[in-house]
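Close look at the chain arrangement
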Amino acid sequence: MKEASELTTSPSPHFCAHPVDDTNLYDWHFTLAGPPAPSPYADGIYHGRIVLPATYPLRPPSFRFLTPSGRFEVNREICLSISGHHEETWQPAWGIRTALIALRSFMDGDAKGQLGGLDVSDEIRRDYARRSRGWCCDVCVGDGGGKSNEEVLNKWRETCRLKGVSLDDENDQNDENKDEKLNDDQPEVQSEVLPQVEPDSIPTSEQVSDNRQQLPVSPIESSTQTSALSPSQTPTPTPTPTSHPDLPMQRSYDPWLDRAIVGVLVALVIMILRRIANAE
């Protein structure tokens, strides 16, 4: 019942599923749109059955198609990694929604001797797809009873539209997910864009020398330039004051002194705590 409610509150325009009746919650029917073009099932709308085991979701469900598709045999359990034929690959965190999404994607695969699979030409599959839209299920009751697959899915898509979900929106989202996956698979290449420099903005050697003369000379450059001068060109050193009140005084750092101060403070704190304890 929780999964049936979740499929209704967060619907997908590509499929709908529900228990056949309220007395048996282990027997479900689904209506599924074929994979998008260029798949030969693109125009098809298929109906099928899901049988849940008593220990679901610990064990996987089984699936069978009731509408001829050219991909799976009619009314025969199909062998998939999400079906009861491969319990070792089933995850209890999955559900009917995940299984239907996987089932829709599996339709485009080749049978290759798969249990319940068929190998026919694409032309036959396209013919089945066209005829599947008018197929009716005799078992479904309620709103889906006596209606074709196309009518059932169109009515369901109208419900999706009222809830703000459209077919185009989901296709766009799928395309974005595919693009993100492709981008994740490709290595990220970052190219650094260098700024363009105009030819007129490049300074000449004369401008560089003039600008350098206008810049203040650092003490290191001054001492270097002074040592490079000849003895006759060496400027007379100017007397400097012995004290520099503006500069911070340098002192040696003694870690033992700091440790001693910390030890005295700790001892004082212990003595005060003892005095307070004795007074109490």
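Our structure is the block above this text.
Rules used in this analysis
- Residues numbered from 1 in each chain as written.
- Predicted model: local features only at pLDDT ≥ 70, side-chain atom pairs only at ≥ 80, totals over all residues.
- Heavy atoms only, no water.
- Helix = DSSP H or I, 4+ residues; strand = E, 2+ residues; numbered from the N terminus.
- Buried < 20%, exposed > 50% of the residue type's maximum accessible area, 1.4 Å probe, protein only.
- Contact = heavy atoms within 4.5 Å.
- Areas by Shrake-Rupley, 256 points an atom, 1.4 Å probe, with all protein chains shown as cover.
- Core = buried A, V, L, I, M, F, W, Y, C linked by side-chain atoms within 4.5 Å.
- Pairing = 2+ DSSP bridges.
- Axes fitted to C-alpha atoms, helices over the stretch in contact; angles between N-to-C directions.
- Phe/Tyr/Trp six-rings, centres within 6.5 Å; stacked < 30°, edge-to-face > 60°.
- Polar contact = N/O pair within 3.5 Å; in protein donor to acceptor, adjacent residues only side chain to side chain.

Helix and strand counts for the chain come out as 8 helices and 4 strands. Tracing the chain from N to C terminus, the helices and strands come up as α-β-β-β-β-α-α-α-α-α-α-α. Burial statistics for the chain: of 280 residues in total, 27% are counted as buried. Excluding contacts between residues fewer than 6 apart, the proportion of contacts in the chain whose partners are at least 24 apart in sequence is 55%. When the accessible area of the chain is evaluated, it comes to approximately 20000 Å², of which 55% is carbon and sulfur surface.

Another aspect to go through is the nonpolar core. With 26 residues, the main nonpolar core has Trp28, Phe30, Ile50, Phe65, Ile96, Leu100 and Leu103 as its most contacted residues. Secondary structure elements with two or more residues in this core: α1 (2-9), β1 (15-21), β2 (24-33), β3 (45-51), β4 (62-65) and α2 (96-106). Among the elements that make up this core, the one with the highest residue count is α2 (5 residues). Filtering out sequence-adjacent residues up to four positions away, leucine 103 remains in contact with Phe30, Leu32, Phe63, Phe65, Ile78, Leu80 and Ile82.

Moving on, we come to the sheet that holds β4. The 4 strands lie next to each other as β1-β2-β3-β4, forming an open sheet whose pairing is antiparallel. The two strands at the open ends of the sheet, each matched to only one other strand, are β1 and β4. Taking the axes of each pair of neighbouring strands and ignoring which way they run, one obtains an average angle of 25 degrees across the sheet. One ladder, built from 4 bridges, connects β3 with β4; its direction is antiparallel. Among the inter-strand pairings, glycine 48 is bridged to a residue of β4, identified as phenylalanine 65.

The two faces of a sheet get side chains in turn, since along a regular strand they alternate between them. Within β1, 5 of the 7 residues are buried, which leaves it mostly tucked inside the rest of the structure. The pairing of β1 with β2 spans 6 bridges and is classified as antiparallel. Paired with aspartate 21 across the strands is asparagine 24, a residue of β2. Hairpin geometry of β1 and β2 is characterised by an intervening segment of 2 residues between the two adjacent antiparallel strands.

With that settled, consider the packing of aromatic side chains. Considering all chains together, one arrives at 6 aromatic pairs under this definition. When the centroid spacing of 5.7 Å and the interplanar angle of 80 degrees are considered together, the rings of phenylalanine 30 and phenylalanine 65 count as edge-to-face. Here phenylalanine 65 lies in strand β4 and phenylalanine 30 lies in strand β2, a separation of 35 residues in the sequence. Among the residues examined, phenylalanine 30 registers a relative accessible area of 1% and is labelled buried. What makes phenylalanine 65 buried here is its relative accessible area of 0%. With 6.4 Å between their ring centres and 70 degrees between their planes, tyrosine 41 and tyrosine 46 make a pair best called edge-to-face. Like tyrosine 46, tyrosine 41 is buried. Put simply, the rings of Phe30, Tyr41, Tyr46, Phe65 and Phe72 pair up and form one aromatic cluster.

Following the sequence through the fold, serine 69 ends up in the loop between β4 and α2. Side-chain polar atoms of serine 69 contact the backbone nitrogen of arginine 71, separated by 3.2 Å. Among residues more than four places away in sequence, those in contact with serine 69 are Tyr41, Tyr46, Arg125 and Tyr128.

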